[in-house]
Every structure is written in structure tokens, then in C-alpha cells.
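Per-entry structural report
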Amino acid sequence: MTQPSFGIMTAPMQVGYDDVLRVWREADAIPEIEHAWLFDHLMPIGGDLAGPIFEGWTLLSALAARTERLRLGLLVTSNRFRPPAMLAKIATTVDIVSGGRLDFGIGAGSRPSHPLARREYDAHGLPYHDAAHAVAALAEACTVIRRLWTEEEPFGFDGDYVRLTGAFGSPKPVQRPHPPIMIGGRAASTLRVVAAHADLWNIPGGDIDDAVKRSALLDRYCTEIGRDPASITRSIHLPVSYERPGTTRNAIGEAVDAGFGHIVLGLPDPYPADVARWVADEVIGG
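Residues numbered from 1 in each chain as written. Predicted model: local features only at pLDDT ≥ 70, side-chain atom pairs only at ≥ 80, totals over all residues. Heavy atoms only, no water.

1. Brief notes about the environment of D95
Looking at the element boundaries, D95 is found in helix 3 (residues 84-97). Each C-alpha atom, one on D95 and one on P179, is 7.6 Å from the other, the two residues being 84 residues apart in sequence. If we skip the residues at most four places from it in the chain, D95 touches G100, R101, L102, P173, V174, Q175 and P179. (Helix = DSSP H or I, 4+ residues; strand = E, 2+ residues; numbered from the N terminus. Contact = heavy atoms within 4.5 Å.)

2. Examining a negative patch on the surface
Together, D207, D209, E254 and D257 make up a region of like negative charge exposed at the surface. Positionally, E254 belongs in helix 8 (residues 245-257). (Patch = residues over 30% accessible without salt bridge, like charges linked within 9 Å, V, L, I, M, F, W, Y side chains within 5 Å. Areas by Shrake-Rupley, 256 points an atom, 1.4 Å probe, with all protein chains shown as cover. Salt bridge = Lys/Arg side-chain N within 4 Å of Asp/Glu carboxyl O. Lys, Arg positive; Asp, Glu negative; His and termini not counted. Charge placed at Lys NZ, Arg CZ, Asp CG, Glu CD.)

3. Things to note about the packing of helix 5 (residues 131-150) against helix 6 (residues 188-197)
Packing of helix 5 against helix 6 brings their axes to within 9 Å, and their N-to-C directions diverge by 15°. On the basis of the axis angle, helix 5 is roughly parallel to helix 6. Seen from above, helix 5 lies across helix 6 with right-handed handedness. Of the residues in helix 6, those touching helix 5 at V135, L138, A139, C142, T143 and R146 are S189, T190, V193 and H197. Split by residue class, the contact of helix 5 with helix 6 holds five nonpolar, four polar and one charged. (Axes fitted to C-alpha atoms, helices over the stretch in contact; angles between N-to-C directions. Parallel < 35°, antiparallel > 145°, perpendicular 65-115°, else oblique. Left-handed = near helix turned anticlockwise from the far one by under 90°. Nonpolar A, V, L, I, M, F, W, Y, C, P; charged D, E, K, R; others polar.)

4. Notes on the nonpolar core
Ranked by size, the top nonpolar core spans 76 residues in total, and within it F104 and L265 carry the most contacts. Sorting elements by how many residues they give to this core places helix 5 first, with nine residues. A11, M13, F39 and V264 belong to the second-largest nonpolar core, a separate cluster that totals ten residues. (Core = buried A, V, L, I, M, F, W, Y, C linked by side-chain atoms within 4.5 Å. Buried < 20%, exposed > 50% of the residue type's maximum accessible area, 1.4 Å probe, protein only.)

5. Here's the deal with helix 6
T190, L191, V193, V194, A195 and H197 are the residues of helix 6 that are buried. In this structure, the buried residues of helix 6 make contact with helix 5, strand 8 (181-184), strand 9 (200-204) and helix 7 (208-224).

6. Re the pairing of strand 3 (residues 71-74)
The pairing of strand 2 (residues 35-38) with strand 3 spans four bridges and is classified as parallel. Paired with L38 across the strands is L74, a residue of strand 3. In this fold, strand 2 hands off to helix 2 (residues 56-65), which returns the chain to strand 3; that crossover is right-handed. (Pairing = 2+ DSSP bridges. Right-handed = clockwise from strand over helix to strand, strands pointing away.)

7. Points about the side chain of E120
Counting through the fold element by element, E120 comes out in helix 4 (residues 115-123). Despite its burial, E120 remains without a salt bridge, the nearest opposite charge being carried by R119 at 6.8 Å. Separated by 3.1 Å, the side chain of E120 and the backbone nitrogen of M43 make a polar contact. Setting aside its immediate chain neighbours within four residues, E120 contacts H41, L42, M43, F81 and S110. (Polar contact = N/O pair within 3.5 Å; in protein donor to acceptor, adjacent residues only side chain to side chain.)

Here you go:
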């Protein structure tokens, strides 16, 4: 079995920029930690609902400029927030700033049942469509973004959700043919988009049995379209307990045994001093 890769996720809410930068720069110097992630919300979804929260891509670009080794991304971008062609340009910029270290995370957007996520759309004047619309729009977005990253001539696109005239991406990303695409989600309809477009698939790790079932469903959808299921890396987000690192280690063992080789460790705030070193010693290497 291939050795799993480990990363950290620092939710950019209820914290300061200096807090996040400290953790990422520390992690950048620790080989056991290979990747680092932010999330993509515009208002807090936990803690003080009027507390601070940073825009994910802007913060990611700043962190890309202050790190040298870590692969980095958003877990995951809401396709509802930014038009796909604009998002392709933003992601290209981050890939260039980072020297080719971007993993491009994207998803359909917050599920309607999460009221703390739902409010950010109204607060920012963003349309909020139903899940079927969001998933179909995600598939078109993935198609357009990949074309903007790779095609050498302007093109038009006349989809049901995305319409472009004279679309062209310049410069291109550093990574060729394009940055790896990670799609996050668990719904069956989203998994069909994963099978068609993703290099990595991420799921929250609260229920490992469900994650295993969803992974098997993804295998089936890949087979249906003639894709090798093994070509999609299975990624899982697991919360870290500072008080009970053994619990986190056990969850990692279950996930790895279930075929998840890309482990994202969610760090709760406030971040203790030397937290990245602690993660490497007590959680990854413990």
C-alpha cells in the first residue's frame, strides 16, 4: 500500500492572519506535513457568528507567497461564489505565485440544510439555487476551467449554466496539463461529477462506514464511464483533538485501511504554540 500523505486544514475564521501564517510557515518546514488547506466561506459557520473570517482565495495567495514547499488549496471552493472563468483566473494566479503547488479544490457549494452557510449568500447578494442546479453547474464549471487552463485558442461555451464568448486563459498555470482537481462532496450526483472530472475526491470523515460506501459508489461510476477508479486519490478530512491525539490516530488508521491515502487534519483554533510540530510527532508519527 502506498504511504498516505498528510496535510493540515486551518479554517480562516475566528483567527487572525498572523495566527494562520505562523502555523503554515511552521508546517512548511516539517516534511511529514505535505499539504495545507483553508476553507471557502464568507461568514463564520461556527463560534461567534459576527466574528472575523477571511476570503479564502485571497488568503491562500498570501500564504502561497510566504511558503515554499507545501501543496496548498481550498477544501473546497464553493462553485456558487465565483463565475467559473473568473475562478480559473484566480486559481492560475495562485498556482503561479506558489510556483506550481496548487491543488484546486472545488465543490457544488453549501448544502441547503446548513443555515449558517445559507445566510452568507443573502448577505453577499449571491444567488442560491437548489442542489440539482448546483451539481449540474459544477460539472460545466469543471469543463470550462480545464479548457481555460489548457486550450491555446479562444473558445465559446454555451452551456445550460455557463455561457462564454471569446474565452481564453493567459498565462497558463505552472502545472501541466493543469493543477490537480479535487472535488469534495458525498451526494451521488456529485460523485458522478467526481468520476468525470476529479484527480482527487474529498469527503468529511465523521462516518467512516459512509465514506467507504461512497467510495465504492465512486468506483462504480468510474467503471460506468470507462475510467480506472484507482486514478482518483481518495481524500478524507479528520478533526484533530489536542486533548485526545489517540482518537485522531485511530481515525487515521481506519481511513487508511479503508483506502483513503490523502489525510487532511483539521486543526481547531486557537492554535497552540508549535502545533504543526505537535501534529507531526503526536498524530502523524505517534
